[in-house]
Amino acid sequence: MKIQESLLIATILSLSGLLASVQAGPLVSIGDSVDVFFSGSSSVKWQSNVLYDENDEKEDLLFTLSPGFEVNVGRGVSNLDLSIITRYDILRYDDLTELDNELFHIKAVSSYKNTRWDVSGSVSYDEKQSSGADGNTNRRGRLVESDELRASLEGEYRLSPKFSIGSGVKYSDVEYQDEPSIADRETTTIPLDIFYELSPKVDLSVGYQYQSSEVGEVSRLALTNTGIVTVVTDSYDKESHFVNVGARGELLPKLTGFFKVGYRETDPEDRKSQSTLGLDADLTYSVTPKVTSRLNLGRDFGVGGEGQSTENTSVDASATYSINMHYSASAFAGYTLREYTESDNDDNIYRIGARLSYVPNEFWRFSAGYMYVENDSDRALQSYENHILDLSASLRY
């Protein structure tokens, strides 16, 4: 996907403002409301299975240098704020030099607030080089490049002291480069929620979400009785619906966040309709003043790498311990069950890891971490294990 520079700039400039959290003095200040920061990082990462191949594991070191800049407009002087963030990743492998790459990223985030309106928007463009870590793009013995364009505009309007209504639109377009065996996908999501203030700390909600997706054509090689042939799966459209109830705010003492639970249905073109229990939750619990835990739950329909319809259930838990003003430690564990609705195949994806961070001042951040990823799949050649160690340093000035 070729993104014309003029179109991207016009899209970014059409957004209004971000309330940015500035922790360090800016590199350059322009007038009373514009700050420019240098935001760069570097890292070294060792992987035991770079290509996520269950039969031919290849380990290697990856060195990444990521210079970037951040422009903040507003600095809290008005209800409109804007932030534009750009980064350029330079990836270099120690042995597998054929995987070396350079990737561009740019993102704009904005918000507008007054007594009745809360509006936020974002647009981003990312060049990515992915492996099997997400369970969708695992291609034996190689990495996959993609271009991703995402945009969102969400707002909430207070109808009265007790009632408010929220809506918006989210858009994503993912195109894989030189990989006809993986389905491109374009998705538009429109949520609508009505909130009722049960107490000053808790809102109840009833909502509906509509999603429309276009899944691209896939062509792959298959072995038949007559030899190797090319099998083409046509593109198709699908619509999904999510009717839900939920709550947000301080749900219990020390427990904050939101949850939505309800009924999901998906209707793919020329394919079997499916329905299931829908779930979306993001909860944070303050165990002690120094320990915070977080739980994310999800149950939704999705699209597999080759365009298959899937039903996904995910659980992710993490905990962070603030050792002192400079050091913090965290640990996480996650599980995703991806069920292919048109077959009896499943992917069981496990993630576990830990990280130690050191922040000596407002400019620098250093961290070290470990992660283990496993996909226990009954699809041929899709299982894998990978151990990942990394060291990173970042500077914001």
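Throughout this description, residue numbers start from 1 for each chain and increase along the sequence as written. With the structure being a predicted model, the display of local features is reserved for residues of pLDDT at least 70 and the display and counting of side-chain atom pairs for 80 or more, all residues being used for whole-chain, interface and lining totals. The basis for the side-chain values is all heavy atoms of the structure; hydrogens and waters are excluded.

Asker: What is the right way to read the overall build of the protein chain from this model?
Answerer: Of the regular secondary structure elements, the protein chain holds 1 helix and 22 strands. Each residue's exposure class comes from its accessible area (1.4 Å probe, protein chains only) as a fraction of the maximum for that residue type: buried when under 20%, exposed when over 50%, partly exposed otherwise. Buried residues in the protein chain amount to 38% of all 397 residues. Whether two residues are in contact is decided by their heavy atoms: any pair within 4.5 Å suffices. Across the protein chain, every contact between residues at least 6 apart in sequence was considered, and the portion connecting residues at least 24 apart equals 53%. Accessible surface computed for the protein chain: about 21100 Å², of which carbon and sulfur atoms make up 57%. For helices the rule is a DSSP run of H or I covering at least 4 residues; for strands it is a run of E covering at least 2, with both sets numbered from the N terminus onward. All accessibility values rest on the Shrake-Rupley procedure with a 1.4 Å probe; residue burial counts only the protein chains present in the view.

Asker: Help me understand empty space enclosed by the protein, please; the structure alone is not making it clear to me.
Answerer: Over the atoms rolls a probe the size of a water molecule, and its path tells where empty space is left. With a 1 Å grid spanning the protein atoms alone, the term cavity applies to any set of points in which a 1.4 Å probe fits but cannot get out, the term pocket to an open set with protein on both sides within 12 Å along at least five of seven lines, and the term lining residue to any residue with an atom within 4 Å of a point. Grid points are joined across faces, edges and corners, and a volume is the space filled by probe spheres set on the points. Here the structure, examined in full by the defined rule, presents 2 cavities of 30 Å³ or more. If you add up the space inside the largest cavity, you get close to 50 Å³. Gln 209, Gln 211, Ser 240, His 241, Phe 242, Arg 264, Asp 300 and Phe 301 together form the lining of the largest cavity. Elements with a contribution of two residues or more to the lining of the largest cavity: strand E11 (202–215), strand E14 (236–252) and strand E17 (291–303). For the lining of the largest cavity, the leading source of residues is E14, giving 3 residues. In this classification, Asp, Glu, Lys and Arg are treated as charged, Ala, Val, Leu, Ile, Met, Phe, Trp, Tyr, Cys and Pro as nonpolar, and every other residue, Gly included, as polar. Along the lines of polarity and charge, the residues of the lining of the largest cavity split into 2 nonpolar, 4 polar and 2 charged.

Asker: In this structure, what is going on with the confidence of the model for the protein chain? I would like to understand it.
Answerer: Detailed reading of predicted coordinates is not advised where the pLDDT is low. Here the protein chain shows a mean pLDDT of 87. Residues at 70 or above account for 89%. Every residue carries a pLDDT, the predictor's confidence in it, which falls somewhere between 0 and 100. Predicted confidence is poor over residues 1–23, with pLDDT under 50, and the contacts of this stretch with residues over four places away or in other chains come to 49 contacts.

Asker: Honestly, the pairing of strand E9 (residues 163–176) in this entry has me stumped. Any pointers?
Answerer: For a regular strand, side chains alternate in direction, first toward one face of the sheet and then toward the other. A pair of strands is labelled paired if DSSP reports no fewer than 2 bridges between them. Relative to E9, strand E8 (residues 144–158) is paired through 13 bridges, and the arrangement is antiparallel. Looking across to E9, one finds that Arg 150 is bridged to Ser 172. Between E8 and E9, which pair antiparallel and follow one another directly, the connecting turn spans 4 residues. Pairing analysis gives 10 bridges linking E9 to strand E10 (residues 185–199), with the strands arranged antiparallel. Following the sheet pairing, Ile 165 is matched in E10 by Ile 194.

Asker: Explain a nonpolar patch on the surface to me, please; I cannot follow it from the model alone.
Answerer: For patch detection, residues must exceed 30% relative accessible area and be free of salt bridges, and they are connected within 9 Å for like charges or within 5 Å for nonpolar side chains (Val, Leu, Ile, Met, Phe, Trp, Tyr). We count a salt bridge whenever a side-chain nitrogen from Lys or Arg sits within 4 Å of a carboxyl oxygen from Asp or Glu. Nonpolar side chains collect at one region of the surface, where Leu 159, Phe 163, Ile 194, Tyr 196, Leu 198, Leu 204, Val 206, Val 245, Phe 259, Val 261 and Leu 277 lie side by side and expose about 910 Å² of accessible area between them. Of all the secondary structure elements, the ones that give two or more residues to the nonpolar patch are E10, E11 and strand E15 (255–268). In terms of residue count, E10 provides more of the nonpolar patch than any other element does, 3 residues in total.

Asker: I'm lost on unusual backbone geometry in this one. Help?
Answerer: Outside of glycine, negative phi angles account for most residues, and trans bonds account for most peptide bonds. One non-glycine residue, Tyr 52, lies in the positive phi region at around 50 degrees. Counting through the fold element by element, Tyr 52 comes out in the loop between strand E2 (34–47) and strand E3 (60–66). Positioned with a positive phi, Asp 178 is a non-glycine residue whose angle comes to about 55 degrees. In this fold, Asp 178 is placed in the loop between E9 and E10. Residue classification places Asp 178 among the exposed positions, given a relative accessible area of 79%.

Asker: Explain the pattern of salt bridges here, please?
Answerer: Between side chains of opposite charge, a pair can form as their charged atoms come close. One pass over the full model with this rule turns up 19 salt bridges. For the salt bridge of Glu 148 with Arg 150, the shortest nitrogen-to-oxygen distance reads 3.0 Å. In this structure Glu 148 comes out as buried when scored by relative accessible area, which is 8%. Given a relative accessible area of 36%, Arg 150 falls into the partly exposed group. Members of the salt-bridge network, linked through shared partners, are Lys 128, Glu 148 and Arg 150.

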